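Below are the chains, spelled out letter by letter.
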Amino acid sequence: MRIRIDAVDLPGLTRPASADGRTPAYGNLHVAVQRRDRPAELLDPQPGDAASATWTLECTTSATPAGTEVAGPYVQHRLGRRFVYLSWGTVDEAGVFTMFRRAKLMLDVVPADVLAAAAREGLLVGRLGLTDAQGGPLCARVEPPHITWTAAPDPSQTAETPHAPGGQGSS
């Protein structure tokens, strides 16, 4: 199975400091999917002012007594919960990404029937906006209704060219 994250409504390239001074200003914002146990390894960083961003992640599924379990190089597993990290950071002149916040796209709240259908059909699609209520980067735990999960046939399974293993991203 693969997970495709379709993001819209990115917050822009800058974030001003908060009025109370607790949050500093950030510039040249980017967002990317973080690899499990490797916070510095990011999949396809996208600028914060992009019209949209899409990441596709290779995964495996297995049936357990609790339902369908998802694993893969970009699927985090902490305290019994599975999720995908979207890391927000700044990119300096040398191209170095410095993370300052993350959003957790929670997989354990995907409806069981949707997850089972995605395992059968090959693709789990998460659609979300990436700007929070204050106009900044969406952070913290992300669950419905802030993200919509659906199952779909995996178009790569019908392609004539073989699909390379590993995560793949595009915007």
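Keep in mind the model is a prediction, meaning the values are calculated, not measured.

Moving on, we come to the layout of surface pockets. Empty space within the largest pocket amounts to approximately 280 Å³. Every residue lining the largest pocket is counted, 14 residues in all, and those nearest its centre are Ala66, Thr68, Glu69, Asp108 and Leu115. Mapped by element, the contributors of at least two residues to the lining of the largest pocket are strand S6 (67–71), strand S8 (81–91) and helix H1 (112–121). Looking at the lining of the largest pocket residue by residue, the class counts come to six nonpolar, four polar and four charged.

A few words now on the confidence of the model for the protein. Looking at the protein, the pLDDT average stands at 91 and 92% of residues meet or exceed 70. For the stretch residues 160–171, pLDDT sits under 50, and the model shows 29 contacts to residues farther than four places along the chain or on other chains.

A cis amide bond links proline 144 with the next residue in sequence, proline 145, at an omega value of 15 degrees. Note on placement: proline 145 falls in the loop between strand S11 (140–142) and strand S12 (147–153). The phi dihedral of aspartate 9 falls on the positive side, at around 55 degrees, and the residue is not glycine. Along the chain, aspartate 9 turns up in the loop between strand S1 (2–8) and strand S2 (29–35).

What follows is about the nonpolar core. The biggest cluster of nonpolar side chains holds 36 residues, and the ones touching the most others in it are Ile3, Trp55, Leu57 and Leu124. At the level of secondary structure, the elements contributing two or more residues to this core comprise S1, S2, strand S4 (52–58), S8, strand S9 (97–106), H1, strand S10 (122–129) and S12. With residues near it in sequence (within four places) discarded, isoleucine 3 still touches Trp55, Thr56, Leu57, Cys59, Val70, Val75, Leu107, Leu123, Leu124 and Trp149.

The rules behind each value
Residues numbered from 1 in each chain as written. Predicted model: local features only at pLDDT ≥ 70, side-chain atom pairs only at ≥ 80, totals over all residues. Heavy atoms only, no water. 1 Å grid on protein atoms, 1.4 Å probe; cavity = no way out; pocket = protein on both sides within 12 Å on 5 of 7 lines; lining within 4 Å. Points joined across faces, edges and corners; volume = space filled by probe spheres on them. Helix = DSSP H or I, 4+ residues; strand = E, 2+ residues; numbered from the N terminus. Nonpolar A, V, L, I, M, F, W, Y, C, P; charged D, E, K, R; others polar. pLDDT = per-residue confidence, 0-100. Contact = heavy atoms within 4.5 Å. Core = buried A, V, L, I, M, F, W, Y, C linked by side-chain atoms within 4.5 Å. Buried < 20%, exposed > 50% of the residue type's maximum accessible area, 1.4 Å probe, protein only.

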